[in-house]
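Here are the chains, one letter per residue:
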Amino acid sequence: MKISPLPIFLLLFVMSICSLSAQSKKTSTADRVGFTDAASFGFSPSATGLENALALQKAVDLGGTIIVSQPGTYKLGGTVYLGSHTSLVFGDGVFIKKVNEKEDFSHVFINKGAATKTYNEHITVDGLQIIVNGMDVRKFNEAYGLHGQLAFFYVKDLRINRFRCLDLGKAQYGIHICTFEDVIIDDVIIKGEKDGVHFGRGKRFTVRNGVFQTFDDAIALNAHDYATGNPELGWIENGVIENCHDLNAENTTGYFCRILAGAWTDWKEGMAVQQSDAVVSNGKLYRVQAKPDGTIYTSKTRPTHEKGSQVLDGINWGVVQNDITYTAGVRNVMFRNIFLEKPRIGLSIHFDNDKYSRSYYPGAAIPLQEQLSFDNVRVLHNKPIPFLSIATPVDLVTISNSSIRNNTIKFVSNKAMTDYLKTSITIYGCSFHNDGEFELITNGVAGKKIHVKTFGNTELSDKFSAKVNAGNGQIIIDSDLTGLKK
């Protein structure tokens, strides 16, 4: 009997469908839909913190997209390490609560390459809500100076969305990122006693749609830092900070944004050093890692060790990095749509100079911060507190479309530096609310040269009159403001 080709074709088709159906029954949900459900590894609101840490680590070790969808509070008893090409997505109503079931720990999440200074890339953390639960500790297990609840060191192509943390302690930052390229942080609410978002060196970044209520800095661009504040030093550049709110709070220290520069020298026999001072030696950067008690040490022995720390002449020298730079600072950063409710200095272009750190070592190369712009910054309080404090050399500051009350621009001296170079300030499209005489610029730096150009501004009171205080410096003015225009 001759069989026609059509039934054979249909038979083969049916057999193939049956085969695929059988295979699909053996295939996990994660494989079918392209994600891994952390619950399938035992990550659960009912599990212990140690069980959850182990389960979530197994899930993220697979890479790809890992979801946590079941609402609830998940205890976490240890740090979870994220590798490259990993997206971790938390659904609505999911909270991660730090618990001490074996020992306390610093980071909730950190990238795997942080300990070895190996770049991880293409990481997303979406919807993370952290409950610190009083576990606010600096362990420095992976990198000395790294202490964010969410921490990344040596990372490229990082995105953090919908992050929440409402109980920061005094020791750890909310988000800490250092030595990075291409970072986007979008939609964050951070409250507590330490920095909300803290950057070390890196390039190309955006922070947007943020609400902050912090005792310390809401956002820190700390190119230089305390020895315990960042694991490496260098330049922070090419970024945007936009649509952010600095909410009022009882305590008023820190700034909405600290823009911190620094500089150091080659090691020299007999040089005086203190906590956090940096030197270049043996093709590396070393820092003094000591107690912040104001002790001045005399260094007689050159640090040359390859890694870790070593005590020489009673000085604990730590290896910071192998690539050499002599300056650190911030350049090409735009701030826009910023709302300053908390009565404190909103923006500080800054040197540290105290027992914790002196950013500028006497005689070092001058760190010139560059091209900083502030657009549509709204001062919402009425306290006579500087809008902008400038305590480092900076070439150009642009302030546009902003609302300024009794908030001067203040230049502050650092006694270790003798040349602050020239600063140009452009102010346009701004509204001035002061009902009377207003000191627009106050200079406290000897020999400082400041060029000021203002145009297209609005005075909201008929009694408004601007003035400047050049101190022992020079201010050259081209202005449309009453009291300054010729």
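Scoring rules and cut-offs
- Residues numbered from 1 in each chain as written.
- Predicted model: local features only at pLDDT ≥ 70, side-chain atom pairs only at ≥ 80, totals over all residues.
- Heavy atoms only, no water.
- Helix = DSSP H or I, 4+ residues; strand = E, 2+ residues; numbered from the N terminus.
- Buried < 20%, exposed > 50% of the residue type's maximum accessible area, 1.4 Å probe, protein only.
- Contact = heavy atoms within 4.5 Å.
- Areas by Shrake-Rupley, 256 points an atom, 1.4 Å probe, with all protein chains shown as cover.
- Lys, Arg positive; Asp, Glu negative; His and termini not counted.
- Charge placed at Lys NZ, Arg CZ, Asp CG, Glu CD.
- pLDDT = per-residue confidence, 0-100.
- Phe/Tyr/Trp six-rings, centres within 6.5 Å; stacked < 30°, edge-to-face > 60°.
- Core = buried A, V, L, I, M, F, W, Y, C linked by side-chain atoms within 4.5 Å.
- Disulfide = S-S within 2.5 Å.
- Salt bridge = Lys/Arg side-chain N within 4 Å of Asp/Glu carboxyl O.
- Pairing = 2+ DSSP bridges.
- Expected span 1.5 Å × (residues − 1).

*Asks:* An account of the overall build of the protein chain is needed here, citing residue identities and associated values.
*Replies:* The number of helices and strands found in the protein chain is three helices and 39 strands. For the C-alpha atoms alone, the extent of the protein chain along its principal axes is close to 110 × 60 × 45 Å. In the protein chain, which comprises 486 residues, the share counted as buried stands at 53%. Look at the contacts in the protein chain between residues 6 or more apart in sequence, and 72% of them connect residues 24 or more apart. When the accessible area of the protein chain is evaluated, it comes to approximately 20,300 Å², of which 51% is carbon and sulfur surface. Separation of charge centres in the protein chain, based on 51 positive and 49 negative side chains, amounts to 2 Å.

*Asks:* Tell me about the confidence of the model for the protein chain, and name the residues and values.
*Replies:* Within the protein chain, residue pLDDT values average 92, and 93% of them lie at 70 or more. For residues 1–6, every residue scores under 50 in pLDDT, and the model assigns this stretch one contact once sequence neighbours within four places are set aside. This stretch, residues 9–32, has a pLDDT under 50; its non-local contacts, to residues over four places away or in other chains, come to five contacts.

*Asks:* Requested: an account of the packing of aromatic side chains, with residues and values cited.
*Replies:* Enumeration according to the criterion identifies 15 aromatic pairs in this entry. Here Phe-43 and Tyr-74 contribute two aromatic rings whose centre-to-centre distance is 4.6 Å and whose plane-to-plane angle is 15 degrees, an arrangement assigned as stacked. Of this pair, Phe-43 sits in the loop between β1 (36–37) and α3 (49–60) while Tyr-74 sits in strand β3 (residues 72–76), placing them 31 residues apart in sequence. Residue classification places Tyr-74 among the buried positions, given a relative accessible area of 2%. A centroid spacing of 5.5 Å and a plane angle of 25 degrees characterise the contact between Tyr-226 and Tyr-356, whose relative ring orientation is stacked. Pair noted here: Tyr-226 is in the loop between β14 (219–222) and β15 (236–246) and Tyr-356 is in the loop between β27 (347–350) and β28 (370–379), with a separation of 130 residues, a long-range link.

*Asks:* Tell me about the nonpolar core, and please be specific about residues and values.
*Replies:* Grouped together as the largest cluster of nonpolar side chains are 103 residues, with contacts concentrated most on Ile-177, Phe-199, Leu-221, Ile-241, Phe-256 and Phe-335. The leading source of residues in this core is strand β10 (residues 148–168), at eight residues. If we skip the residues at most four places from it in the chain, Ile-241 touches Phe-205, Val-207, Ile-219, Leu-221, Phe-256, Cys-257, Met-334, Phe-335, Arg-336 and Ile-338. Ranked by size, the runner-up nonpolar core spans 11 residues in total, among them Trp-267, Tyr-297, Ile-315 and Tyr-361.

*Asks:* Residues and numbers for the state of the cysteines, please.
*Replies:* This model, assessed by the stated rule, comprises zero disulfides. No disulfide involves Cys-165; its sulfur sits 16 Å from that of Cys-244, the nearest cysteine. Classification of Cys-165 as buried rests on a relative accessible area of 0%. No disulfide involves Cys-257; its sulfur sits 9.4 Å from that of Cys-244, the nearest cysteine.

*Asks:* Run through the pattern of salt bridges, naming residues and quoting values.
*Replies:* Counting across every chain of the model gives 25 salt bridges. For Glu-242, the salt bridge identified is with Arg-336, shortest N-O distance 2.7 Å. Of the two residues, Glu-242 is situated in strand β15 and Arg-336 in strand β26 (residues 330–340); the sequence distance between them amounts to 94 residues. When its relative accessible area of 16% is taken as the criterion, Glu-242 is described as buried. Close ionic contact of Arg-258 with Asp-352 constitutes a salt bridge, the shortest N to O distance being 3.8 Å. Within this pair, whereas Arg-258 is found in strand β16 (residues 257–260), its partner Asp-352 is found in the loop between β27 and β28, the two being separated by 94 residues in sequence.

*Asks:* An account of the sheet that holds strand β18 (residues 265–266) is needed here, citing residue identities and associated values.
*Replies:* An order of β18-β20-β21-β24-β23 is seen for the five strands of this open sheet, with the pairing classed as mixed. Bordering the open sheet on either side are β18 and β23 (309–312), each of which pairs with just one other strand. For β23 and strand β24 (residues 315–321), the ladder comprises four bridges, and the chain directions are antiparallel. Across the sheet, residue Ser-309 finds its bridge partner in β24, namely Gly-318.

*Asks:* Describe the pairing of strand β33 (residues 422–428), listing the residues and the values that go with them.
*Replies:* Across five bridges, strand β30 (residues 396–400) lies against β33 in parallel orientation. Bridging across to β33, Thr-398 finds its partner in Thr-426. The pairing of β33 with strand β36 (residues 449–455) spans seven bridges and is classified as parallel. The residue of β36 that forms the bridge with Ile-425 is Val-452.

*Asks:* Which residues make up unusual backbone geometry, and what values go with them?
*Replies:* The backbone of Arg-162 shows a phi angle near 50 degrees, a positive value even though the residue is not glycine. Looking at where Arg-162 falls in the secondary structure, it is placed in strand β10. On the accessibility criterion, Arg-162 (31% relative accessible area) is partly exposed. Located in the positive-phi region is Arg-204, a residue other than glycine, with phi close to 65 degrees. Position of Arg-204 among the secondary structure elements: in strand β13 (residues 202–214).

*Asks:* Let's hear about α3: which residues, and what values?
*Replies:* The first and last C-alpha atoms of α3 sit 16 Å apart over 12 residues, in line with the 16 Å expected at 1.5 Å per residue. In this structure, the buried side of α3 is in contact with β1, β2 (64–68), β3, β4 (80–82), β5 (86–90) and β7 (109–111).

*Asks:* How would you sum up the pairing of β14? Please name residues and give values.
*Replies:* Side chains Ile-219 and Leu-221 project from β14 onto one buried face, and the interleaved Ala-220 and Asn-222 project onto a second face that is buried too. Pairing analysis gives three bridges linking strand β12 (residues 197–199) to β14, with the strands arranged parallel. By the bridge assignment, Val-197 is partnered in β14 with Ile-219. Relative to β16, β14 runs parallel, the two being bridged by four bridges. By the bridge assignment, Leu-221 is partnered in β16 with Ile-259.

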